Amino acid sequence: MGVSVGDVAEPRTFGPVTRTDIVRYAGASGDFNPIHHDETFATAAGFPTVFSIGMYQAALLATYATDWLGAETIRRFTVRFSDQVWPGDVLTCSGRVVGIEPSEEGPTAEVELTCTRQTGATAIAATAAFVI
Amino acid sequence: MSFEVPIERGKIREFARAAYSQNPAYDSPGAVIPPTFLTTAANFWGDGTHPASQLGFELARVLHGGEEYEFFGRPPHAGQTLTASPRLGERWEKEGKRGGVMRFAKIVTEYRDAAGSLVAEQRTTVIETAKPPKQEG
């Protein structure tokens, strides 16, 4: 696969995020913090409704990244959380190759990834490395 | 504080589907794990004690700042049993935007295969947000 600095991946959108999406991820990951699925709990805590699990957005961004550059060849995935994600949000993932570095396994692509909300705010930002 | 983490095909498939992935790499007898899959390890296989509880952070002010997963070769795959060893990593402080001190800590978890080789490392950043020096009201 020819991968060069400056390559960008075709953006992909996920959503609108549903409560079912959040619950399915909660079950798959074992994260049962009620703030993410229990409306009564969330509103009692002062939130307008439940909000998504940060690691759910991270998993979506990882889906996007591994479809682009490979599930078997990923060597690092680093994610930082910025903005909360709410039911109804539409998330757009994008990615760009920012460097090619040598490694013991051969050249490795360093990529920057973002997952933005429909408001334009970055929900999460990530970097990743893939053997190419 | 170590615990065993069996890597299971069905859990990989369930996790990949929850993340809207149809990548065939996550759906075969030797399926690899999705990049953030090890977030499930402590939830399903941990013994309930976690180094984060030793930080002394006030729970109401704790945020999940970020996660890093590093794989030392092809990611772990279905059929393996890994041993997870979490420990407290680096700690640091920063002044909050509205005064007070923000405290940061890393939890580092090593994952080793049956031969004892390090196959993955997870680094979790935990933040305790600042308590403003003077509380109002």
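Residues numbered from 1 in each chain as written. Chains lettered and ligands numbered in written order. Predicted model: local features only at pLDDT ≥ 70, side-chain atom pairs only at ≥ 80, totals over all residues.

**Observations concerning the overall build of chain B**
For chain B, the helix and strand inventory stands at two helices and five strands. Reading the secondary structure of chain B in the N-to-C direction produces β-α-α-β-β-β-β. The principal-axis extent of the C-alpha atoms belonging to chain B is close to 60 × 35 × 25 Å. Here chain B, with 137 residues, has 32% of them falling under the buried criterion. Once local pairs closer than 6 in sequence are excluded, the contacts in chain B between residues at least 24 apart make up 68%. (Helix = DSSP H or I, 4+ residues; strand = E, 2+ residues; numbered from the N terminus. Buried ≥ 20, exposed ≤ 12 C-beta atoms within 10 Å, placed from the backbone. Contact = placed C-beta atoms within 7 Å.)

**Some details on the overall build of chain A**
Within chain A one finds three helices and five strands. When the elements of chain A are put in sequence order from the N terminus, they spell out β-α-α-α-β-β-β-β. Dimensions of chain A, computed from the C-alpha atoms along their principal axes, are close to 50 × 30 × 20 Å. Contacts in chain A between residues far apart in sequence, at least 24 positions, make up 66% of those at least 6 positions apart.

**Considerations on the environment of G65 of chain B**
Secondary-structure assignment places G65 of chain B in strand β2 (residues 62–71). As for G65 of chain B and E128 of chain B, which are separated by 63 residues in sequence, their C-alpha atoms are 9.4 Å apart. For G65 of chain B, the contacting residues outside a window of four places in its chain are R80 and F81 of chain A together with F104, T125, V126 and I127 of chain B.

**Side note on the confidence of the model for chain B**
Of the residues in chain B, 96% reach a pLDDT of 70 or more, and the chain-wide mean stands at 91. Averaged pLDDT values over the elements of chain B bottom out at 92 in helix α2 (residues 39–45) of chain B and peak at 98 in helix α1 (residues 9–18) of chain B. (pLDDT = per-residue confidence, 0-100.)

**Quick notes on the pairing of strand β4 (residues 101–112) of chain B**
Residues and elements named next belong to chain B. Strand direction decides the pairing type here: strand β3 (residues 81–95) and β4, joined by 11 bridges, are antiparallel. Paired with K94 across the bridge in β4 is M102. Hairpin connection between β3 and β4: a loop of five residues separates the two successive antiparallel strands, and G99 in this loop has a positive phi of roughly 85°. Across 10 bridges, the pairing between β4 and strand β5 (residues 118–128) is antiparallel. For I107, the partnering residue across the bridge sits in β5 and is T124. Joining the antiparallel neighbours β4 and β5 is a turn of five residues, in which G116 adopts a positive phi near 90°. (Pairing = 2+ DSSP bridges.)

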